[in-house]
Amino acid sequence: MIWKREFLRALFQPSYALSAAVFTAMTGLNFWKQVHDQSGQDVTLNLLLFGSLFFWVLVLLWVSVVTLRTFPEEVRSGTLELWLAAPVREWELVLGKFAAVWLLIVLGTLPLAVYAPLLRWAEAQPWPIPWGEIWTALSGLWGITGLLAAVGMAVALVFETPLPAFLAVFSAGLLLFFAESFVPFRSTEAPRWGYSFMLIQQAGDWSRGVADTRSLVALATGMAFFLFLSVRLLQLKRLR
Amino acid sequence: MMTVVQLTRRFGGRAAIQDLTFSASEGEILGLVGPNGSGKTTTSRLLAGVLEPTTGHLSLYGRSPLRDAIEYRALVGYLPETAPAWGELRVREQLMQWAAIQGMPLRRSLLQMEWVLGVCGLEPCLERRIETLSRGYRQRVGLAMALLSNPKVMILDEPTTGLDPLQSETIRETILRLRQGRLIVIATHRVEDAEGLCTRLLVLHQGRLVADGTPDELRRRTGKTETLTAEIRGRRELVRERCRSLLFVEAVEVGGEEEWVRVTLRHRRGTDIRADLFRLAVREGWEIRELREERPPLTRVIASLLGGST
C-alpha cells in the first residue's frame, strides 16, 4: 500500500515530470551525439545507448534527485513525524518508499528503449534492432539504479535537508561508481567478488548486453544491505 | 488507561524529560503546560510513540510503545506542533490515504471520513489542495487525521498556536466535543487553552513535573488566601463588622456606592465561606446582588508554581 501511495503521489508531481523530461532529453541528445561522433566506426548500438560516461553521470544525477522524494522532503515538511506516529513498521515504510522510487526510475528510463527504433526510422534503413541486448542493458541499468536508490535512501536519512542530502547521495553514487580508482583490488589479481561490486565495470558489462549472475547477486546483496541500513537509521530517529 | 512511570528522555547528556510519573483516564483533557523548553513537545512525542524513552515505562491500556509498537500507535491519534501534511494532496485524498495507512478497510474509511469532516468542519474544502488552505483549516486537517481512526487517546501539540482568536475558539470547541470516551493530552503554552479546555494540568519545568492538578486545585496551592467579593445592601460599617466575625475570614475591605456595599473577603485557602455569608445576610436582613470568587489568573498561578520564572 505504501509503495502505491508514494508512487502515485510522486508520479503526478511536476518535479518528477520535469526531472524525467530533462533526463530523457539529455540522454536522447547524448545518444544522438554518440551516433554522430562514432558514425562509420564499428560500435554496437548498445554502447552508443548506454556506453558513455556522460550517460551514467546523468543516471546518477537523476537517481539522486528522485531519491530526495524518500525522506529529506518528509523531514523538511515535518511529515516524517506523522509516519513515525503511524501504526507502520519501519521496514514497511523503507521498502514502500524504495519500491516507489525504483518504479519511478524504471518508468523514467523506459523511453531509452525507443531511441533505437527512432534512429532506424530517421535513417530510413531496415537494420535489425538488437532488442535482446537493449533489454539486457536496461535490466542492468535498473539493477544499478536500484542499488543507487537504496544507497541514496540510507545516505538521505543521515542528511535531513534536501540540498545536502542531494550532494551526499550524488557523492556516494560517484564513490560507488569510481571505487575502482580507489580500491586496492583494481589489479587483474583482484578477486571476482570485488569486481562484481565495481559499478563502472558492471555498467560496462551490461552496456555490452552481457548479463552476469555474480553482478546480479552483488547488486541484490548491496540493495539488501543498504535497505537494512535505512531501516536501522529510521529506527535511530526514535532515539535521537 | 495511560500510565507513565519515571519516564526520562535524554538528548545527549541533557535530560529533556526527567522522572515523569502520572496516570490518566478517558474523559480527561490533560494539559501539559510550562515555559518554552520545559519538555512539553518531548513528552507529547514520547506519548505518541514517535520517540522512545531513555528510561522509564509508558503504557496505554497495557500496551507498551516498545514491546507492542504497532498496537500502541494504533490507539493514538497525534497532531504534531506544526500540523504537517502532504501539501500537494487534496483534503479528501489526504484523509483517504491516511485511513489506508492506518489499515482501515475502504467502507470504514468512508464512514470515518464523513464523520471527521463533520466534526472538524472540513466539508467546504474537501476538494482543495492542503497547501492552499489557511493555517486554521490546515490545523483542522491535522486534527481530522489524528481523529480518523477514532483513537482512544489523542495527543495534540500546540493545537491553537498561530491561529486567530476565532479559529482558536473553533478548534477548542471541536476538542471539547471529542472528549467523550477518550483521553486528550494537549501540550500548550496558551493559558486560554489550559483554562478553557483542560480538566487537569501537568506543569513542567526544565523537564520535571512540578505540579499536577485541576486549574482550581493549582490556584489553591498558590497563595495563602482566597478572595470572595459580594455586593450587599446594608450599612457599610455593620457589613464590615459582621463579615469580619465570619469563620476563616482574615481580612475585609469595603467600598462601593452608598446603598450597595462592595465587600471583599480574604479567607483561608481551601475554605468555602459562601454558605456562611448567605446565612449572615438572611439573619441581618441584607440583600445580596452579586457574589463571586476572585480567581487569580492561571498565568500567575503557573508562574508562582515555577518559582516566578516563566
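Our subject is the structure that appears above.
Anyway, here's the lowdown on the structure attached to this text. Quick caveat: nothing in here was measured; it's all calculated off a predicted structure. Sequence order as written defines the numbering, with residues in each chain counted from 1. Written order determines the labels here, with chains lettered from A and ligands numbered from 1. For this predicted model, a pLDDT threshold of at least 70 governs which residues receive local features, and a threshold of 80 or more governs which side-chain atom pairs are given and counted, while totals over whole chains, interfaces and linings are taken from all residues. Each side-chain value is derived from all of the structure's non-hydrogen atoms; neither hydrogens nor water enter the calculation.

It is worth spelling out the pairing of strand β7 (residues 183–187) of chain B at this point. Residue and element names in this part refer to chain B. Relative accessible area decides the class of each residue, using a 1.4 Å probe on protein chains only: under 20% of the type maximum gives buried, over 50% gives exposed, and in between gives partly exposed. Elements are defined by DSSP. Helices are runs of H or I of four residues or more, strands are runs of E of two residues or more, and each kind is numbered from the N terminus. In terms of burial, β7 is largely enclosed, as five of its five residues are buried. Neither face of β7 is exposed, since Leu183, Val185 and Ala187 on one face and Ile184 and Ile186 on the opposite face are all buried. Judged from the four bridges that link them, strand β3 (residues 29–33) and β7 form a sheet pairing that is parallel. In the strand pairing of β7, Leu30 is matched with Val185. Two strands pair under a simple rule: DSSP has to find at least two bridges between them.

Moving on, we come to the sheet that holds strand β1 (residues 2–11) of chain B. All names here are of chain B. Taken in spatial order, the three strands of this open sheet run β2-β1-β4, and their pairing is antiparallel. Looking at which strands have only one partner, the edges of the open sheet turn out to be β2 (14–24) and β4 (55–60). If you compare each strand with its neighbour and ignore which way they point, the axes differ by 20 degrees on average. The pairing of β1 with β2 spans seven bridges and is antiparallel. Each bridged residue has a counterpart across the sheet, and for Leu7 the counterpart in β2 is Leu20. In what follows, residue pairs with any heavy atoms lying within 4.5 Å of each other are defined as contacts. Angular values range over 0 to 180 degrees, each being the angle between N-to-C directions of two axes fitted as lines to C-alpha atoms, with helices fitted over their stretch in contact. In this fold helix α1 (residues 40–48) packs onto β1, β2 and β4, with an angle of close to 120 degrees to the strand it touches most, β1.

A few words on the nonpolar core. Membership of the largest hydrophobic core comes to 152 residues, with the highest contact counts inside it found for Ile144 of chain A together with Met2, Leu95 and Ile155 of chain B. Ranked by residue count, the leading element in this core is helix α9 (residues 131–158) of chain A, at 16 residues. Apart from residues no more than four positions distant in its own chain, Ile144 of chain A is found in contact with Trp56, Phe177, Leu199, Gln202, Ala203, Trp206 and Leu219 of chain A. Take the buried residues of types Ala, Val, Leu, Ile, Met, Phe, Trp, Tyr and Cys, join any two whose side-chain atoms come within 4.5 Å, and each joined set is a nonpolar core. In terms of nonpolar packing, the next biggest core, distinct from the first, is built from 18 residues, Leu228, Ala230, Val249 and Leu265 of chain B among them.

Paired through their backbone hydrogen bonds, the strands of a sheet run either parallel or antiparallel. Residue and element names in this part refer to chain B. What the six strands build is an open sheet, ordered β5-β6-β7-β3-β8-β9; its pairing is mixed. Strand pairing shows two members of the sheet lacking a second neighbour, β5 (76–79) and β9 (208–213), which therefore form its edges. With strand direction ignored, the average angle separating the axes of adjacent strands in the sheet is 15 degrees. In this structure, strand β8 (residues 200–205) lies alongside β9, joined through five bridges in antiparallel fashion. Within β9, the residue paired with Leu201 across the bridge is Gly213. Of the strands in this sheet, β3, β8 and β9 are in contact with helix α11 (residues 298–305), which crosses β8 at around 45 degrees.

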